[in-house]
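# Inside the fold
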Amino acid sequence: MKALTAILSFLLLAALAAAQPSPLITNLPGRTSTSLDGAWHIIVDPYESGLRARYYENAKPQDARTSPIEYDFAASETLKVPGDWNSQKERLFFYEGPVWYQRSFSFKARDHARQFVYFGAANYYTRVYLNGKPLGEHEGGFTPFNFEVTGKLVEGENSLVAEVNNARRANGVPASNTDWWNYGGLTRDVSLIEVPDTFVRDYSFQLAKGSPGEVAGWVQLDGSAQTQPVTIEIPDAGVRKTVTPDATGRVDFRLPTKLTLWTPDDPKLYDVVISTGTDKLHDSIGFRTVEVQGTQLLLNGKPIFLRGISMHEEAPNRGGRAYSPDDAQTLLGWAKELGCNFVRLTHYPHNENAIRLADRMGLLVWSEIPVYWDIAWKDPETLANAEAQLRDMIARDRNRAAVIFWSLSNETPVSPERTIFLQKLAADARQLDSTRLITSALNHVTDAGPEKRVLDDPLGESLDVLGLNEYLGWYFGHPEDADRWQWESKYAKPIIVSEFGADALYGKHGDASARWTEEYQANLYVHQLGMVAKIPGLAGLSPWVLMDFHSPRRPLPGIQDYYNRKGLVSNLGQHKPAFYVLQKFYKEMNEKKAAAAQ
Ligand code: GCU
């Protein structure tokens, strides 16, 4: 009988724990919040004993009654949050599995207020508990999630526990095979958000599609009084309008106004204020249009060429998952130094600090969900997971002018179930945000002669812009072959060469045909840039990759040492000659553009 009750209570708890996060609250920087960052106690739990032993209760060994308590957070080691565990503790560098995090915090209740615990991201599968009770679970390592804790917090000391498990899953997104390090943990900020009973949970402000003289958008209230009037203001543009939401708390609006448009050269951001009787929120928003005309990309109605670079969210110098404004400043600073007006953030949504900095720096952004290489295309849970990551990526960044592309995937092998899966995501993305362009990084090409390839991936039909990944001169052929090779597309749509590159160890020298040397990489860039410039419909580039990054697939001793060395800068920020080859190419391109505009 006792065993049966134990199993039943365990199953009940598992069911309760499976609760999903509450609808995402956007614009964390604009909210009243208490940071829960800092040192959290941890228990590394390779056998996940903590579920049955109920680590989430944060019990004290001295409280043991019937059976001994064999854990003690207070006496356990700590990890810094935000931050992955792999780069913080040498012995956890290769660790994949569950780690339990616990921290206590004090709370003082306020009338007419609601509280949410907000995670910027946690890789990969997370169970969250407050004061020993489950709040819910979240799958996916790169998008934010929040749980409402109103009425669950106690006056004084509260205990928050998160079990974070970065074990790879065959039906996960990504699946089990990636060319980046599977950094685990509470990798981004954790906050306690406090909002009024009824608050502005989400909103969208964009130039109306096809009529740039109007701002079109919506506001979503959340709470008991969600039909109260909402006032929208853009003070610097003399805009002020009060609108009334419907019974679901949603109100759509259109605001005729004349705005200075956001461009990479002049990334103008406006203070936008959304207020109700009880809530008031500021956000910095830029306004621009982005569209496709034939094979051209138009920003604010004018053709634009994307001078870009691809990059991972890896911290320069210290290594590990990047998360801070300083990390973003260093990485995007190098992109600016290259002469970029565009960054491809791969292969997962990067942190909000980086996106908001791109907004301020004037860097256009390609943002991608980790549908990477082969995944479980037939598994409905995998589709639901990918759809949720797409939804949350768009929800968090839909008001960032810098973001112009939602990328659905990278180098996925063509098959009917794969294409149906991605076409579903394309439809979702268009439904969630009709103002941006949908793309994917493709590498399915057909031979059209010995040195000619045609991009004819069936997914191209469903995309606005096509990304082409090609590694001529590294994974096949020689750098010089690029002088003769031709690439074309089956589709009359803009093409972005989203990846090309070669590994080079900083400081390793040799002649231009010696692989792994700086000279080989620089030489490859010279020939590649000549080749891609001839591709019909080319609208941009994002070579692979800004900085060397950790990868479990790259063990070559003395050269890779678990780094992918295709960076134009090393993981310590040392610039390789190829950096200057690309910088020169972009400078000349920019000068030619300026001369043509004269
Ligand atoms: C692939 C892939 C990258 C990878 C790169 C490489 O194309 O998209 O994630 O790191 O090539 O092989 O270096």
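Our structure's up above, just so we're on the same page.
Residues numbered from 1 in each chain as written. Predicted model: local features only at pLDDT ≥ 70, side-chain atom pairs only at ≥ 80, totals over all residues. Heavy atoms only, no water.

### A few points about the site of the ligand
To be explicit about the condition: Throughout, near means a residue has at least one heavy atom within 4 Å of the molecule or strand. Here a polar contact is recorded for every N or O atom pair within 3.5 Å, except that within protein the pair must consist of a potential hydrogen donor and a potential acceptor, and residues adjacent in sequence are included only if both atoms are side-chain atoms. Method for areas: the Shrake-Rupley scheme with a 1.4 Å probe, in which residue coverage is limited to the protein chains shown. Residue type decides the class: Asp, Glu, Lys and Arg count as charged, Ala, Val, Leu, Ile, Met, Phe, Trp, Tyr, Cys and Pro as nonpolar, and the leftover types, Gly among them, as polar.
What surrounds the ligand is a group of 14 residues, the closest being Asp179, His347, Tyr372, Glu411 and Tyr475. In this structure, Lys566 approaches the ligand through a side-chain N or O atom, which is 2.7 Å from an oxygen atom. In the complex, the protein chains occlude 97% of the 310 Å² of accessible area that the ligand would expose alone. In terms of residue class, the shell around the ligand is built from five nonpolar, four polar and five charged.

### Considering unusual backbone geometry
Of all residues except glycine, most have a negative phi; of all peptide bonds, most are trans. Defined as follows: Numbering of helices and strands runs from the N terminus, with a helix taken as a DSSP run of H or I at least four residues long and a strand as a DSSP run of E at least two residues long. Relative accessibility decides the category of a residue: with a 1.4 Å probe and only protein chains considered, values under 20% of the type maximum give buried, values over 50% give exposed, and everything between is partly exposed.
A cis geometry characterises the amide bond from Val81 onward to Pro82, with omega recorded as 0°. The residue Pro82 is located in the loop between strand E3 (78–81) and strand E4 (98–107) in this model. Notably, Asn317 is not glycine yet its phi reads approximately 70°, a positive angle. Owing to a relative accessible area of 47%, Asn317 belongs among the partly exposed residues under this scheme. One non-glycine residue, Tyr562, lies in the positive phi region at around 65°.

### Looking at the packing of helix H3 (residues 325–338) against helix H8 (residues 577–597)
Put simply, the test is: In this analysis an axis means a line fitted to C-alpha atoms, helices contributing only their contacting stretch, and an angle means the value between N-to-C directions, from 0 to 180 degrees. Any angle that falls under 35 degrees is termed roughly parallel, while one over 145 is termed roughly antiparallel, one within 65 to 115 roughly perpendicular, and all others oblique. Contacts between residues were defined by any pair of non-hydrogen atoms, one from each residue, lying within 4.5 Å.
It is at 8 Å that the axes of H3 and H8 come closest, and there the two elements cross at 55°. Comparing the axis directions of H3 and H8 gives the class oblique. Each of Trp334, Glu337 and Leu338 in H3 lies in contact with H8, whose residues at this interface are Phe579, Leu582, Gln583 and Tyr586. Tallied by class, the residues present in the contact of H3 with H8 amount to five nonpolar, one polar and one charged.

### Let's talk about the environment of Lys258
Inspection of the secondary structure puts Lys258 in the loop between strand E15 (250–256) and strand E16 (270–275). Separated by 46 residues in the primary sequence, Lys258 and Pro212 place their C-alpha atoms 8.5 Å from one another.

### Some points on helix H4 (residues 352–361)
Here H4 lies mainly inside the structure; eight of its 10 residues are buried. Buried residues of H4: Glu352, Ala354, Ile355, Arg356, Leu357, Ala358, Asp359 and Met361, and no others. Positive backbone phi, at 80°, marks Gly362, one or two positions downstream of H4.

### Overview of the sheet that holds strand E20 (residues 302–303)
The cut-off we apply is this: Two strands pair if DSSP finds at least two bridges between them.
With antiparallel pairing, the three strands of this open sheet are ordered in space as E18-E19-E20. The two strands at the open ends of the sheet, each matched to only one other strand, are strand E18 (290–293) and E20.

### With respect to the packing of aromatic side chains
Which entries qualify depends on this criterion: By convention, a stacked pair of Phe, Tyr or Trp rings (six-membered ring in the case of Trp) has centres within 6.5 Å and planes under 30 degrees apart, an edge-to-face pair has planes over 60 apart, and any other such pair is tilted.
Under the defined criterion, the tally for this structure stands at 35 aromatic pairs. Between Tyr55 and Tyr71, the aromatic rings sit 4.7 Å apart at their centres with planes inclined by 40°, giving tilted as the arrangement. Here Tyr71 lies in the loop between helix H2 (49–52) and E3 and Tyr55 lies in the loop between H2 and E3, a separation of 16 residues in the sequence. This pair shows no difference in class: Tyr55 is buried, exactly as Tyr71 is. Pairing Phe93 with Trp181 gives two aromatic rings, centres 4.4 Å apart and planes at 20°, and the pair type is stacked. Of this pair, Phe93 sits in the loop between E3 and E4 while Trp181 is found in the loop between strand E9 (156–165) and strand E10 (190–196), placing the two residues 88 residues apart along the sequence. Classification of Phe93 by relative accessible area gives buried; the value is 15%.

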